[in-house]
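# Architecture and fold: a report
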Amino acid sequence: MTPVPALKPAQLNTRTDPASFTFDTTAELEPISGIIGQERAVAAVEFGIGVHHPGYNIFALGSPGTGKHTVVREFLAEQAQDDDPPSDWCYVYNFDEPHRPIALELPMGQGTALRSAMDELLDEIRTVLPAAFETDDYRVRRQAIESTYQQRQEEAFSALQAEATTKGLNLLRTPTGLIFAPVREGEVLKAEDFQTMAQEEQDRLKAAIDEMQEKLQRVVVQLPRWERELRKELQNFHAELAHFTLDPLLREVQENFTEQPSVLAYLAAVQADVIDNLPLFLRADEGEEQEGQPPAQPVDRGTERNGDRFVRYRVNLLVEHDGRTGAPVVYEDNPAYQNLVGRVEYIPHMGGLITDFTHIKCGSLHMANGGYLMIDALKLLSQPYAWEGLKRALRSETIRLETPGQMLSQANAVSLEPQSIPLKIKVALVGDRSIYYQLSQADPDFDELFKVMADFNDEIDRTVESQLLFARLIRSMVASKSLRHLDREATARVIDQCARVAADADKLSMRVAMLVDLLQEADYFAGKAGAEIVGLAHVEQALDAQRYRAWRIPERSQEAILDGTIRVQTEGEAVGQINGLAVMQLGSTAFGQPSRISARVTIGRGEVVNIEREVAMSGPSHSKGVLILSSYLAARYAADFPLSLQAGLVFEQSYGGVDGDSASSTELYALLSAIANVPIRQSFAVTGSVDQFGNVQVIGGVNEKIEGFFAICQQRGLTGEQGVLIPATNVGHLMLRQEVVDAVTAGQFHIYPVTHIDEGIELLTGVSAGVADDQGVYPEGTINRLVQDRLRGFAQRWSAFHRQNGPEFV
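Criteria and thresholds
Residues numbered from 1 in each chain as written. Predicted model: local features only at pLDDT ≥ 70, side-chain atom pairs only at ≥ 80, totals over all residues. Heavy atoms only, no water. Helix = DSSP H or I, 4+ residues; strand = E, 2+ residues; numbered from the N terminus. Rg over C-alpha atoms; globule rule 2.2 N^0.38 Å. Buried < 20%, exposed > 50% of the residue type's maximum accessible area, 1.4 Å probe, protein only. Contact = heavy atoms within 4.5 Å. Lys, Arg positive; Asp, Glu negative; His and termini not counted. Charge placed at Lys NZ, Arg CZ, Asp CG, Glu CD. Pairing = 2+ DSSP bridges. Axes fitted to C-alpha atoms, helices over the stretch in contact; angles between N-to-C directions. Salt bridge = Lys/Arg side-chain N within 4 Å of Asp/Glu carboxyl O. Phe/Tyr/Trp six-rings, centres within 6.5 Å; stacked < 30°, edge-to-face > 60°. Left-handed = near helix turned anticlockwise from the far one by under 90°. Nonpolar A, V, L, I, M, F, W, Y, C, P; charged D, E, K, R; others polar. 1 Å grid on protein atoms, 1.4 Å probe; cavity = no way out; pocket = protein on both sides within 12 Å on 5 of 7 lines; lining within 4 Å. Points joined across faces, edges and corners; volume = space filled by probe spheres on them.

Glancing now at the overall build of the chain. A tally of regular secondary structure across the chain gives 27 helices and 30 strands. Taken against the 2.2 N^0.38 rule, which gives 28 Å for 810 residues, the C-alpha radius of gyration of the chain at 48 Å runs more than 25% over that of a compact globule. Counting all 810 residues of the chain, 49% fall into the buried class. Here the analysis covers contacts within the chain between residues at least 6 apart in sequence; of these, 76% occur between residues at least 24 apart. Computing the positive centroid from 74 side-chain charges and the negative centroid from 113, the chain places the two 4 Å apart.

Structure, rendered in structure tokens:
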């Protein structure tokens, strides 16, 4: 087999050639509008905005920092400029059902006009109405009405008195009421004088008194009715006077809202309530009524806010759009339930809590009604009841303001039940892909309410054209953040870093947030150096500073290896031992860490024991990779005899969980070394997964893994023998740090692309792998022949042991 050549330095890091740019600094470039490489997501957003049917809300999904918020917000803002401004919404008092405030919809700007008009109207009423009841005309007409009823009463009593006089009686007023008494010569008879009268005369007077008392009773019975008639006539008079006073005031307001039937109906209700509660306006102080006025209708004491007994006539302007052009675009940063659907606030009062319709506060659904609402999906789902509240509003296409307890039918306390407001809105959720797919799978309502998926790319293809577009994107970001411009070398280095973040030399990361951070930090170092233009050195300083700030834990890990606490060899040879490579992720920092993998073999039942799995430290992907090894060994080396092997594999000094199959080829090399009893060169480290046919497959984190082993070798001293074996399919992902490229250029470090296990085992042992003949037999002295012979020997010994000891020992 032809030896695998090491990669050349040019294959380790695909650099952007600054000479390919025709500009000297980014100031010469034309800024780019929008974002590049997101055609699919942009088309989805445009589609979602353009479809005006229920359920076509948008979920923008992608990795953090890919510009989802920016793109969605810009497109929403652009579309909103062409949309009609939404309506204003007000809550007003419901005179029929005080606990159910009425929602009024008005054209843009009319909400403010209505509120101002009602405040002015109330001030006018409080001034004009009392004045109308203090005029001389009012007093004259009232006295005339009262005189009519007083005259009727006096005439009735005068008639009784006249009749009583003819019968020798007089009508007297006593503490116990009105009575008739006999008189003589104008003087009331005393009891003893009455007793001296003849019996016939006494009987006549008694009969006359009884007759007159009966007539008096008939008159007295009519007095309450006459008083009611008086009050009714006075009420009609007051209503007539109030109408005469209020009509001109209300007519001025009504003329401004002639096309708003709901407002006209409300104004009519206001007028009727004012007339029903005239003493509320006529009394000078709280609790004091003007003399002679009828009592007012019962007033809802909950509406007397801070002593304002006229609050029932105020207007709660919930949402106003006065002066707005286009539809609203609202981003809700704190999507708690009440921040979405609104709330009713309460104020303490005499040891309790009271509220009224003026304490109704709008939510973001109200503010965005008629327009667009953006919400971060993770924040939304983190808030109790917020997701359910949003779904309920979208399904019903109304905003129903209620507490979570009311929504769940668990609240028994009396509160306001404001009238629902029709909802016409486009909602855009922004979040990670995991959130989108979990909601789609777990919530049956999700796909019905968010039918538009805008999937943002994490990366774009790296071409000459895309690199120039990226340079223009940098130009736009520099301008938007007021940063210094970059020269062509700095621009090229920034693009290289984007390829590094994408973990692919042929891709560019679209993590815009990361790019902005790098530009801002490079600008800082340029300013510190007093430079007008950001150069290559400033970008390198920014990258080194980022690494330095996050590198404490990786340094401690390397120190543990260098001082021998964790055993990792970089020289010599060992049977059944090999250096594996893993990637550790701590927040946003990823670094490679080498670890020793060992294998021991003996005769057995054909099992490869994953020791990590036995102690519950192995993840499913790692366990799968180990099981593949058994299949590979049996199919390749033991096709005509039973695999009678007992092998143990372990990550030495591993104190945490192990997952992923990127070490499966490394474990197979250790197994082959242990079976063939051929040592492996410890100056190598290996990464790569393997299939059942021995093909080495792609893995992730290849750059970090190589650099992790290189750092250990560098600090111990590069010998020219050290290197890393990687899958050949990972070569296109290499974007290694310059220090690694320099070491490879100097011949002090090597990176080998491997496609098959046979290639790797030859590099690791220096012994030919060997190719089987037609009978499946490998040449003498090759690794594969040594493995095959030993496995055959295991099978023979196992069979002999079985024959000798019986099945109970198997």
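Another point: the sheet that holds strand E7 (residues 316-319). Strand order in this open sheet of three strands is E3-E2-E7, and the pairing throughout is antiparallel. Each edge of the open sheet carries a strand with a single partner, namely strand E3 (102-106) and E7. Here the average twist between neighbouring strands, direction ignored, is 30°. Along the sheet, helix H7 (residues 261-276) contacts strand E2 (88-92) and E3; its crossing angle with E3, the most-contacted strand, is approximately 135°.

Phi is positive for Glu 397, which is not a glycine, with a value near 55°. Within the secondary structure, Glu 397 sits in the loop between helix H12 (386-396) and strand E14 (398-399). Judged by relative accessible area, which is 40%, Glu 397 ranks as partly exposed. Backbone geometry places Ser 482, a non-glycine residue, at a positive phi of 55°. Residue placement: Ser 482 occurs in the loop between helix H16 (464-480) and helix H17 (488-502).

Take the pattern of salt bridges next. Following the criterion strictly, the structure yields 36 salt bridges and no others. Put simply, Glu 240 and Arg 141 hold a salt bridge, and the shortest N to O gap is 3.8 Å. Placement of Glu 240 in helix H6 (residues 199-254) and of Arg 141 in helix H4 (residues 136-166) is noted, with a sequence separation of 99 residues between them. With a relative accessible area of 41%, Arg 141 lands in the partly exposed category. Here Glu 214 makes a salt bridge to Arg 218, at a shortest N to O gap of 3.5 Å. Of this pair, Glu 214 and Arg 218 both sit in helix H6, four residues apart, which is roughly one turn of the helix. Exposure remark for Arg 218: the relative accessible area of 44% places this residue in the partly exposed category. Overlapping salt bridges, with partners in common, bring together Glu 388, Lys 391, Arg 395, Asp 443 and Asp 445 in one network.

It is worth spelling out the packing of aromatic side chains at this point. Under the counting rule described, the total for this entry stands at 25 aromatic pairs. Geometrically, the ring pair formed by Tyr 632 and Tyr 637 is edge-to-face, given 6.2 Å between the ring centres and 85° between the ring planes. By relative accessible area, Tyr 632 is classed as buried at 2%. Three or more aromatic residues joined by ring pairs make a cluster, and in this case those are Tyr 93, Phe 95, Tyr 266, Phe 281, Phe 310, Tyr 313 and Phe 357.

Attention now moves to the environment of Arg 184. On the secondary structure map, Arg 184 appears in strand E5 (residues 177-184). On the basis of relative accessible area, Arg 184 is assigned to the partly exposed category, the value being 43%. Here the alpha-carbon distance between Arg 184 and Gln 804, two residues 620 residues apart in the chain, equals 157 Å. For Arg 184, the residues in contact, after removing those within four places along its chain, are Leu 189 and Met 197.

This part covers the packing of helix H1 (residues 39-50) against helix H2 (residues 68-82). Following both chains from N to C, one finds H1 and H2 inclined at 35°, their axes separated by 10 Å at the closest point. Seen from above, H1 lies across H2 with right-handed handedness. Contacts between H1 and H2 pair Val 42, Val 45, Glu 46 and Ile 49 from the former with Val 71, Val 72, Phe 75, Leu 76 and Gln 79 from the latter. Partitioning the contact of H1 with H2 into residue classes produces seven nonpolar, one polar and one charged.

Right, let's talk about the layout of surface pockets for a bit. Of the pockets and cavities examined, the largest pocket occupies roughly 1400 Å³. Taken together, 46 residues line the largest pocket, and the ones lying closest to its centre are Gln 497, Arg 500, Val 501, Ser 588 and Glu 704. Broken down by secondary-structure element, the contributors of at least two residues to the lining of the largest pocket are H17, helix H18 (512-528), helix H19 (536-550), strand E22 (589-603), helix H24 (702-716) and helix H25 (738-745). In terms of residue count, H24 provides more of the lining of the largest pocket than any other element does, eight residues in total. Split into classes, the residues belonging to the lining of the largest pocket amount to 15 nonpolar, 15 polar and 16 charged. What the second largest pocket holds in volume is close to 690 Å³. With three residues, H12 is the largest single contributor of residues to the lining of the second largest pocket.

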